[in-house]
Amino acid sequence: MACAGLAGWSWPLRDPVCCALLAAAGLLLGLYWLLSRPPRGLPPGPSPWPLVGNFGFALLPGPLRKRWLLSERAGQGGSRPLAPHLLLTGMAKVYGSVFCLFVGSRPMIVLSDFEAVREALVSQAEVFSDRPSIPIVAMLTKKKEKVHAEIEVVTGRDRAPSLTDKAHMPFTEATIMEVQRMTVVVPLSVPRMASATAVLRGYTIPKGSVIVPNLWSVHRDPNIWERPDDFQPTRFLDENGQLIKREMFIPFGIGKRVCMGEQLAKMELFLMFVNLMQNFTFLYPDNATKPAMEGRFGLTLAPYPFNIIALKR
Ligand code: HEM
């Protein structure tokens, strides 16, 4: 039966029209490949596929892909995909602190250490200040005694905090900074775009490349921060307990396009945090699972759901 069905079928390559169409399609694909071939000197990275690039991270090296698809989390009782900021931080270990992925045929350059971020966003601000057109609370349970003590001395319990208290509460400020260092509200910053072809760390960055500064990896870099995974507000204090400015602390980005709302956000963070700590003591319920500190990735980082006790003081 099958043979009878195929009897009238002729191999398309014998048909001159089919041949011409196939040749034209091949020519067009070849031409597209030639024209969209990435320029020489690009930063290293996984090889892109034609048209799709590294879309969906499907073409990552095996071990990274495995972790991306399924990462076991101790104490979480389950598994879930690895968040992009962690995946990109892992990739920097394979490809170096400046590496390239392709979104379709557009290069996306990921900057994963402070020097690379500063070189691009400050030293070469003219080129890297475009934007592509694209559409805390767990920490409150730690170091709370010292924050409570500082509030006790500066504002007491009866008056609401004001911004003038800020200068007298270095430990509280350092605690807020440490929360921001570890939780990085915008872990991959807001993407930038190269307005001209530029050279960064010896690599060619073509005009139109998307630039992704990985603030998460800067804030967790063991070469900058001692024991980066430990919550330690004193890293922002000098030996006299006074606040020190650390250049590599960049939760609001850096350079010409730094966050416009930085000052407003800092005021809000201070007033809200002090208000909460003035009125409550935060505790984990006995035997409760603590939330994973790497956060749930959107453009911003949100905490995983967790239970907490807010005890009126
Ligand atoms: C904790 C709170 C916030 C954090 C961590 C944060 C972080 C950031 C970061 C990392 C960028 C990208 C900077 C760069 O490209 O180098 C940014 C951009 C921006 N942020 Fe924020 N932000 C916060 C709150 C706010 C608030 C409250 C506002 C407005 C009232 C705001 C308005 C903006 C605007 C307008 C930009 C774009 C600036 C530009 O393109 O020139 N942000 N923010």
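Definitions and cut-offs
- Residues numbered from 1 in each chain as written.
- Predicted model: local features only at pLDDT ≥ 70, side-chain atom pairs only at ≥ 80, totals over all residues.
- UniProt positions renumbered as here; feature names shortened; annotations may be inferred.
- pLDDT = per-residue confidence, 0-100.
- Helix = DSSP H or I, 4+ residues; strand = E, 2+ residues; numbered from the N terminus.
- Contact = placed C-beta atoms within 7 Å.
- Buried ≥ 20, exposed ≤ 12 C-beta atoms within 10 Å, placed from the backbone.
- Arc of directions from axis to C-beta.
- Near = placed C-beta within 6 Å.
- Nonpolar A, V, L, I, M, F, W, Y, C, P; charged D, E, K, R; others polar.
- Expected span 1.5 Å × (residues − 1).

An unreviewed UniProt entry annotates the protein chain as Cytochrome P450 family 2 subfamily U member 1 originating from Chrysemys picta bellii. Taken from UniProt, the Cofactor (unreviewed entry) comment for the protein chain reads in full: "heme".

Colleague: Looking at this structure, how should I read the confidence of the model for the protein chain?
Modeller: Low pLDDT marks stretches whose predicted atomic positions should not be read closely. For the protein chain, the mean per-residue pLDDT works out to 83, and 81% of the residues sit at or above 70. No element of the protein chain has a lower mean pLDDT than helix H1 (residues 2-6), at 45, and none a higher one than helix H8 (residues 215-219), at 96. Long-range and interchain partners of residues 1-6, a stretch whose pLDDT sits below 50, account for zero contacts in this model, where long-range means more than four residues apart. Under a pLDDT of 50 for its full length, residues 72-77 has, in the predicted model, five contacts with residues more than four places off or in other chains.

Colleague: Explain helix H6 (residues 144-154) to me, please; I cannot follow it from the model alone.
Modeller: Since there are 3.6 residues in each turn of an α-helix, residues three or four apart along the chain are aligned in direction. Of all the positions in H6, only Val147, Glu150 and Ile151 are classed as buried. In a view along the axis of H6, the buried residues occupy a sector of 100°, so they form one face of it. Pointing more than 90 degrees away from the buried face of H6 are the exposed residues Glu145, Ala149, Glu152 and Val153. On its buried side, H6 packs onto helix H7 (170-183) and helix H9 (262-279). Following H6 by one or two positions, glycine 156 adopts a phi angle in the positive range, close to 70°.

Colleague: How do you make sense of the site of the ligand when you look at a structure like this?
Modeller: Around the ligand sit 19 residues, and of these Val185, Gly253, Cys259, Gly261 and Ala265 come closest. Grouping the amino acids of the shell around the ligand by side-chain chemistry returns twelve nonpolar, four polar and three charged.

Colleague: Mind showing me how you'd approach unusual backbone geometry here?
Modeller: The phi torsion of most residues other than glycine is negative, and most of the peptide bonds are trans. The phi dihedral of serine 189 falls on the positive side, at around 50°, and the residue is not glycine. Counting through the fold element by element, serine 189 comes out in the loop between H7 and strand S5 (192-193). Backbone geometry at asparagine 287 places phi at a positive 65°, although glycine is not the residue there. Looking at where asparagine 287 falls in the secondary structure, it is placed in the loop between strand S9 (280-283) and strand S10 (296-297). A tally of 5 C-beta atoms within 10 Å means that asparagine 287 is categorised as exposed.

Colleague: How should I be thinking about the UniProt feature "binding site: heme" (unreviewed entry) in the protein chain in this particular structure?
Modeller: The UniProt record annotates "binding site: heme" (unreviewed entry) at Cys259. We classify cysteine 259 as partly exposed; it has 17 C-beta atoms within 10 Å. Residues contacting cysteine 259, with those up to four places away along its chain left out, are Phe252 and Gly253.

Colleague: What should I look at first to understand H9 in this one?
Modeller: Between the first and last C-alpha of H9 there are 26 Å, a value that for 18 residues agrees with the 26 Å anticipated at 1.5 Å per step. Three or more residues of H9 are buried, namely Phe273, Val274 and Met277. Buried residues along H9 cover an arc of 95° about the axis, so they all sit on one side. Those residues of H9 that are exposed and angled more than 90 degrees off the buried face are Leu264, Met267 and Glu268. Looking at the packing, one finds that the buried side of H9 touches H6 and H7.

Colleague: Is there a simple way to explain the environment of glutamine 263 in this structure?
Modeller: You can see glutamine 263 is positioned in helix H9. Look at glutamine 263 and you get exposed, because 10 C-beta atoms sit within 10 Å. Separated by eleven residues in the primary sequence, glutamine 263 and phenylalanine 252 have C-alpha atoms spaced 9.8 Å apart.

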